[in-house]
Amino acid sequence: MHVAAIIVAGGQGARMGGGRPKQLLELDGRSLLQHSVAACDAHPLVRELVVVLPAALVASAPSLIGETRCPCRVVSGGARRQDSVRHGVAALSADAEIVLIHDAARPFATTTLIDRVIAGAVSTGVAIPAIVSRDTVKRRDLQSGLVRESVPRAEVWLAQTPQGFRREVWTTIGPLSAGMTEATDEAMLAEWAGLPVMIVEGDERNVKITTPDDFTQARGRAATPRVGTGYDLHRLVEGRPLVLAGVTLPFGRGPLGHSDGDVLCHALTDALLGAAGAGDIGRHFPNTDPAWKDAAGLDLLTRAVAIVRAAGYAPASADVTVILEQPKLSPHVDAMRERIAAVLGVPASAVSVKGKTNEGVDAVGRGDAIAAHAVAVLTSGGPQ
Ligand code: MG
């Protein structure tokens, strides 16, 4: 079967505000347009792509779309959505048997969703993915503004894209659509032409990005978490304070080091920098630099958080294991979690601190050293 996908990005995205067309705004490193094109390009039955762009953007299409697996044609949009779609259909190859029409503003369409749409189009001629309304739906009187009636919820379905059509359907609805009033989706054209339209199961995640709020939510969903690990060890010597996460523990010995030797903060600093791909503690705060002599571990951690945020990430959670024979860590764990959470900008519940002994084995077990392992999770840091 030869499936073609038309990705419609003809609109100017006026509802988003700002000067940039919304289909070019970035989500997790790629524009909405690129995500939507990639969603269709990735489906194994799709053999060709047609992208409909505003006329002003057609010349820069190769850089806006990027590489695709399937051959990709670009055409300019029309005054209305149905005119844009008509231009797209006119650019299809003669081989196309099933035509998918997809919004550039829906970056999350999955292969399984597209499977259902294709199967529906094959069986009925026209198929759309849709989800049932979770909210109670009211019909409002346009004159008085008051509720006229409630619409039975089971009758109300919220239409998504891609919508699927057998190619020959377009010979009927294509010419008709030019003279029709404005259609907000392609299925409306089929309905007006009196053709049956099948509903297949949509996907709650297949949202349309229309407003800045939608974008903020989508960014949160698209964010790929980044994970980093860190490790640190310091010798313990007489007469030094034992500081962990900025909390001083009553103990006669403490870590030897250029800085305060706060292994918990040092391990976590490396974990954060590692998760952001931003180097390590030695690169940012070298122990050969007098600036960092006796530096507080909590201060280095604060600086690392700033580096991570500048790289476009935000701390989400941290888990640290401190390995020491003595003293007991448990009475201080909550105070440590509070301090780390304040620096990371997360709730204390997102920070874990655990104490272990080394069962008398090796230097840590003999009480000659203290060590820490840390894992940090970062998410994309919101609007860029
Ligand atoms: Mg250290």
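Because the structure is predicted, anything quoted here is derived from the model rather than measured.

## Some details on the overall build of the protein
What the protein contains, in helices and strands, is 12 helices and 19 strands. Here the protein has a C-alpha radius of gyration of 29 Å; the compact-globule value for 384 residues is 21 Å, and the former is much larger. A total of 384 residues make up the protein; the buried ones form 48% of that total. Expressed as a percentage of contacts within the protein between residues at least 6 apart in sequence, the contacts between residues at least 24 apart total 71%. In the form shown here, the protein has an accessible surface area of approximately 18,000 Å², with 53% of it arising from carbon and sulfur atoms. Distance between charge centroids for the protein: 3 Å, based on 38 positive and 40 negative side chains.

## Brief notes about the packing of aromatic side chains
Counting across every chain of the model gives 2 aromatic pairs. With 5.2 Å between their ring centres and 55 degrees between their planes, Phe165 and Trp170 make a pair best called tilted. Per residue, the accessibility class of Phe165 equals that of Trp170, and both read buried.

## Side note on the packing of helix α3 (residues 81-90) against helix α5 (residues 169-179)
One can describe the packing of α3 onto α5 by two numbers: an axis separation of 10 Å at closest approach and a directional angle of 140 degrees. Classified by the angle between their axes, α3 and α5 sit oblique to one another. As for the relative orientation of α3 and α5, their crossing is left-handed in sense. The residues of α5 that touch α3, namely those facing Gln82, Val85, Arg86 and Val89, are Trp170, Gly174, Ser177 and Ala178.

## Notes on the coordination of the magnesium ion
The coordination sphere of the magnesium ion, as far as protein atoms go, consists of Asp232 (OD), His234 (NE2) and His266 (ND1), spread over 2.2 Å. Here the donor residues of the magnesium ion share one chain and are spaced in sequence as D-x1-H-x31-H. With respect to class, Asp232 is no different from His234; both count as buried.

## Here we look at a nonpolar patch on the surface
Taken together, Met1, Leu45 and Val122 make up a surface patch of nonpolar side chains, about 220 Å² in accessible area. Within the secondary structure layout, Met1 lies in the segment before β1 (3-8).

## Describing the sheet that holds strand β17 (residues 313-323)
What the 5 strands build is an open sheet, ordered β16-β13-β19-β17-β18; its pairing is mixed. Here the strands that pair on one side only, and so sit at the sheet edges, are β16 (253-255) and β18 (351-356). Adjacent strand axes in the sheet meet at a mean angle of 25 degrees, parallel and antiparallel pairs treated alike. In terms of strand pairing, β17 meets strand β19 (residues 369-380) through 10 bridges, oriented antiparallel. Bridge assignment links Pro315 to a residue of β19, and that residue is Leu378. Relative to the sheet, helix α10 (residues 297-310) contacts β17 and β19, its axis offset from that of β17 by approximately 145 degrees. Where helix α11 (residues 333-344) meets the sheet, it contacts β17 and β18, and its direction lies at approximately 140 degrees from that of β18.

## Observations regarding the domain arrangement of the protein
Where interface size is quoted, it is often the accessible area lost as the parts come together. Parsing the protein into structural domains produces domain 1 (3-221) and domain 2 (226-380). Here the C-alpha centroids of domain 1 and domain 2 sit 49 Å apart.

## Side note on the nonpolar core
Formed by 43 residues in total, the largest nonpolar core has its most connected members in Leu244, Leu264, Leu268, Val322, Leu329, Met336 and Ile340. For this core, the secondary-structure elements that each account for two or more residues are β14 (242-244), β15 (247-249), α8 (263-275), α10, β17, α11, β18 and β19. In this structure, Leu264 is in contact with Leu244, Ala245, Val320, Val322, Met336, Ile340, Val353 and Ala372, ignoring residues within four places of it in sequence. Judged by nonpolar contacts, the second largest core, of 26 residues, contains Ala9, Val51, Leu100 and Ala104.

## Quick look at the pattern of salt bridges
Tallied over the entire structure, the rule returns 18 salt bridges. Note that Asp141 and Arg148 form a salt bridge whose closest N and O atoms lie 3.9 Å from each other. Here the salt bridges do not stand alone but share partners, grouping Arg81, Asp103, Arg106, Glu186 and Lys208 into one network.

The rules behind the values
- Residues numbered from 1 in each chain as written.
- Predicted model: local features only at pLDDT ≥ 70, side-chain atom pairs only at ≥ 80, totals over all residues.
- Heavy atoms only, no water.
- Helix = DSSP H or I, 4+ residues; strand = E, 2+ residues; numbered from the N terminus.
- Rg over C-alpha atoms; globule rule 2.2 N^0.38 Å.
- Buried < 20%, exposed > 50% of the residue type's maximum accessible area, 1.4 Å probe, protein only.
- Contact = heavy atoms within 4.5 Å.
- Areas by Shrake-Rupley, 256 points an atom, 1.4 Å probe, with all protein chains shown as cover.
- Lys, Arg positive; Asp, Glu negative; His and termini not counted.
- Charge placed at Lys NZ, Arg CZ, Asp CG, Glu CD.
- Phe/Tyr/Trp six-rings, centres within 6.5 Å; stacked < 30°, edge-to-face > 60°.
- Axes fitted to C-alpha atoms, helices over the stretch in contact; angles between N-to-C directions.
- Parallel < 35°, antiparallel > 145°, perpendicular 65-115°, else oblique.
- Left-handed = near helix turned anticlockwise from the far one by under 90°.
- Donors = N, O, S within 2.8 Å, 3.2 Å for Na, K, Ca; no water.
- Patch = residues over 30% accessible without salt bridge, like charges linked within 9 Å, V, L, I, M, F, W, Y side chains within 5 Å.
- Salt bridge = Lys/Arg side-chain N within 4 Å of Asp/Glu carboxyl O.
- Pairing = 2+ DSSP bridges.
- Domains from an automatic or database assignment.
- Core = buried A, V, L, I, M, F, W, Y, C linked by side-chain atoms within 4.5 Å.

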